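# Per-entry structural report
Each chain, written out:
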Amino acid sequence: MTTVAQSWVEGANESHGFGLNHLPFGALEHKGAVRLCVRIGGLALDLQQLATQRLLPDFCDAELCAPTLNRFLAMGPVVWAEFREHLTALLHVSAKSNVQKKIREALVPLDKATLRLPLEVGGYTDFYASLHHARRVGELFRPDQPLLPNYKHIPIAYNGRASSVVVSGTPVRRPWGQRKPAHEGEPPTFAPTAALDYELELALVIGRANALGERIAIEQAEEAIFGVTLLNDWSARDVQAWEYQPLGPFLGKSFATSISPWITPWAALDPFRVPVAARETSDPRPLDYLWSDKNQQRGALDINVSASLSTERSRAATLPPMPLGAANTRDLYWTPAQMIAHHASNGCNLRPGDLLATGTISGPQREQAGCLLEVTRNGQQPLTLANDEQRAWLMDGDEVTLSARCERDALPSIVLGDCTGYIAPA
């Protein structure tokens, strides 16, 4: 049976998913400044305060006293691993009592902390890695050809807007946009979107960079990943429908993208690595630059992801959030390594702090859909909620929460930090 490492920190060993095996990174506003932190249980460990106590290793103390993780990310996987080992030792039950006393002074209760964006996001790419999502969306708009011929050969993606990436809890203002005319020959209209949607996604946080013109081999692709975080790529579907041809999404997506305040280290997910889902026998084998036997054997992640909704009415009645859909990252058609290898296959340079999102994560069943576009069939079949309200699209006052959990027998679970957004009026 696997031995579970125990921490001396009060409450850290409970089954909340933020134990010693996790240690996600974030940033909090504390003592008048934004500081990097690591979560343990219901507490945030202020890394700058740890440096004041001379408990950070010399090789990365300056980088971890910055307001964002970017400089630490650039140091690469060897340093990440050494710091993780160092931090685990500090928080382990075997740590000396004088060390514990110093660390206690750096622990901040989360209910007294204001969490901030832990990254300076320089680039944001949104993939389309869920076959089930792509197929169902294709059936809505191209029933004669749901999947385009390139889908099973190439990880499809587009470049999103990094400047509008916001931390969980930031209100999302309903965007204005140009919408398709109701009748042929009429001009389009400019109004607040009437088809606001969420997208349940996982984002890879890039740490190790590649130089411009340098490719990343799939065998080395995971060395670029610092960690993962939940991501909600909010979408104005009516704006998107009018603008996306011929070049793709633009203003229907760029008004806001929410991410969790916590970044789960890639190393923490090692026990939850699984083989890639079997493809249909008629599917083509990926080209050589997208193929690795090792990646096929354990290149996928086993993470249960879900979305829930609370409305103004449900909150007034003190009802819990209502489920919208749940899926698992196992079902993605393309792996993280394949997405990175493809992204850099033309020599595009990835940089520390870049986000590469999976796109909407959906499972094979309709109740496993990761967005309202699928659930309501483009608004034509509204969803009836547990309190008998209906939703074709999100309304003002709605709050969507994305959650994720990794579970395996004999191992402590890992819970990714929630990603929440409240819809504010236009």
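Below you will find a few notes about this structure. (Residues numbered from 1 in each chain as written. Predicted model: local features only at pLDDT ≥ 70, side-chain atom pairs only at ≥ 80, totals over all residues. Heavy atoms only, no water.)

### A word on the sheet that holds strand β3 (residues 43-46)
- On the basis of which strands lie adjacent, the open sheet formed by five strands has the order β4-β3-β2-β1-β5 and antiparallel pairing. For this open sheet the edge positions go to β4 (107-109) and β5 (114-116), each flanked by a neighbour on one side alone. Strand-to-strand twist across the sheet, computed as the mean angle between neighbouring axes with direction ignored, equals 45 degrees.
- The pairing of strand β2 (residues 33-40) with β3 spans four bridges and is classified as antiparallel. Looking at β3, one finds that R39 is bridged to A44. (Pairing = 2+ DSSP bridges. Helix = DSSP H or I, 4+ residues; strand = E, 2+ residues; numbered from the N terminus. Axes fitted to C-alpha atoms, helices over the stretch in contact; angles between N-to-C directions.)

### With respect to unusual backbone geometry
- Note the cis peptide between Q245 and P246, where omega equals 10 degrees.
- By the element assignment, P246 lies in the loop between α7 (237-243) and β16 (257-259).
- Even without glycine at this site, T318 takes up a positive phi of about 55 degrees.

### Some remarks on the pattern of salt bridges
- Under the counting rule described, the total for this entry stands at 21 salt bridges.
- Of the charged contacts, one joins R174 and D396 as a salt bridge, the two residues approaching to 2.7 Å between their closest N and O atoms. With R174 in the loop between β9 (172-173) and β10 (176-179) and D396 in the loop between β24 (390-391) and β25 (399-406), the pair connects residues that are 222 residues apart, well separated along the chain.
- For R174, a relative accessible area of 9% gives the class buried.
- You can call D396 partly exposed: its relative accessible area is 33%.
- Notably, a salt bridge pairs R179 with D238, separated by 3.6 Å at the nearest N-O pair. Here R179, found in strand β10, pairs with D238, found in helix α7; they are 59 residues apart in sequence, far enough to count as distant.
- The exposure class of R179 is partly exposed, given its relative accessible area of 23%.
- Each of D197, E199, D233, R237 and K253 takes part in a single network of salt bridges with overlapping partners. (Salt bridge = Lys/Arg side-chain N within 4 Å of Asp/Glu carboxyl O. Buried < 20%, exposed > 50% of the residue type's maximum accessible area, 1.4 Å probe, protein only.)

### Observations concerning the side chain of R174
- From its side chain, R174 meets the backbone oxygen of T193 in a polar contact 3.0 Å long.
- Here D396 takes part through its side chain, which lies 2.7 Å from a polar atom of the side chain of R174.
- Here R174 is in contact with P192, T193, L196, L394, M395, D396, I423, A424, P425 and A426, once residues within four sequence places are set aside. (Polar contact = N/O pair within 3.5 Å; in protein donor to acceptor, adjacent residues only side chain to side chain. Contact = heavy atoms within 4.5 Å.)

### Let's talk about the nonpolar core
- In this structure, Y198, I340 and L394 are the most contacted members of the largest nonpolar core, which totals 62 residues.
- Residues contacting I340, with those up to four places away along its chain left out, are L204, I206, I216, A221, I225, L350 and L356.
- By size, the runner-up hydrophobic cluster in this structure holds 45 residues, among which are L56, L91, L107 and I259. (Core = buried A, V, L, I, M, F, W, Y, C linked by side-chain atoms within 4.5 Å.)

Remember, this is a structural readout, not a statement about activity or role.
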